[in-house]
Amino acid sequence: MASCFYRKKVLDWRDGWLDNDYCADCLYCCGPQGTDEPFPMALLPGQISGRTPDDFYLLNKNTACLGKEGCKSETSKGCRLPRELRPVACGLFPIVLANGRLYLYKTCPAVVFNTLDELAMLAEKAAGWLANFPLDELRHISLNLSSEKLAADYIDLGIEVFPVSAKKQI
């Protein structure tokens, strides 16, 4: 991985989206996951249409997922979808909303090549943006992950978006 990322790339919060220039050279998170366990990405009501099954592999009518196949909208140049149709999870990555808190996905090159302080500042901006969402939408887009999974794959940023007691299963 390091050979693709010999210099620091743009990583910035812009207009409700994490501009992550590492993605174009990596595409790991959007590509085949090498696992039977799907990675759910909840869709907001305005993102669901008749074309949704053509754009995503679905766990249910309002939750896209990545798995062995990767993402249906992934191309060699990145995502073919306009931002407004992409899951919120895509616009936050490598920041992940799980159990009402913000985490970093350890595998992302952006996490490897940027300091925790830089990433935490971006996560604070993301938290401010997420604060504009209704609680029911936050509950819907937040992953429900075990403490073991979180410890293995994520870095806890200590940023609560909504209280866990307010979280309910999707």
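Scroll up for the structure.
Residues numbered from 1 in each chain as written. Predicted model: local features only at pLDDT ≥ 70, side-chain atom pairs only at ≥ 80, totals over all residues. Heavy atoms only, no water.

*Asks:* What am I meant to see in the sheet that holds strand β3 (residues 39-42) here?
*Replies:* Note: strands within a sheet are paired through backbone hydrogen bonds, in either parallel or antiparallel orientation. Taken together, three strands build an open sheet; the order of strands is β3-β5-β4 and the sheet is antiparallel. Strands with a single pairing partner mark the edges of an open sheet, and in this sheet they are β3 and β4 (57-60). With strand direction ignored, the average angle separating the axes of adjacent strands in the sheet is 40 degrees. With four bridges connecting them, β3 and strand β5 (residues 63-66) associate as antiparallel partners. Bridge pairing in β5 places Pro40 opposite Cys65. (Pairing = 2+ DSSP bridges. Helix = DSSP H or I, 4+ residues; strand = E, 2+ residues; numbered from the N terminus. Axes fitted to C-alpha atoms, helices over the stretch in contact; angles between N-to-C directions.)

*Asks:* Looking at this model, I keep getting lost on the sheet that holds strand β10 (residues 154-160). Mind explaining?
*Replies:* Strands sit in the order β8-β9-β10 across an open sheet of three strands; the sheet is antiparallel. Looking along the sheet, the strands with just one partner apiece sit at the ends: β8 (95-98) and β10. Taking each pair of neighbouring strands and ignoring which way they run, the sheet shows an average axis angle of 35 degrees. In this sheet, β10 lies alongside strand β9 (residues 101-105) in antiparallel orientation, the contact comprising five bridges. By the bridge assignment, Leu102 is partnered in β10 with Ile159. Strands β8, β9 and β10 of the sheet are contacted by helix α5 (residues 116-130), whose axis makes an angle of about 50 degrees with β10. (Contact = heavy atoms within 4.5 Å.)

*Asks:* Explanation requested: the packing of aromatic side chains in the structure shown.
*Replies:* For any two aromatic rings, the description comes down to two numbers: the centre-to-centre distance and the angle of the planes. In this structure the tally under the stated criterion is six aromatic pairs. With a centroid separation of 5.5 Å and an interplanar angle of 50 degrees, the aromatic rings of Tyr105 and Tyr154 are classed as tilted. Here the residue Tyr105 occupies a position in strand β9, and Tyr154 occupies one in strand β10, the gap between them amounting to 49 residues. Accessibility classification places Tyr105 together with Tyr154 in one group, the buried group. (Phe/Tyr/Trp six-rings, centres within 6.5 Å; stacked < 30°, edge-to-face > 60°. Buried < 20%, exposed > 50% of the residue type's maximum accessible area, 1.4 Å probe, protein only.)

*Asks:* Would you explain unusual backbone geometry in this entry?
*Replies:* The peptide bond linking Phe93 to Pro94 adopts the cis configuration, its omega dihedral lying at 15 degrees. Among the structural elements, Pro94 can be located in the loop between α3 (88-92) and β8. One non-glycine residue, Asp15, lies in positive phi territory at about 50 degrees. Structurally, Asp15 is set in the loop between β1 (11-14) and β2 (17-20). Positive phi outside glycine occurs at Asn99, with the angle close to 50 degrees. Looking at the element boundaries, Asn99 is found in the loop between β8 and β9. Given the relative accessible area of 14%, Asn99 is considered buried.

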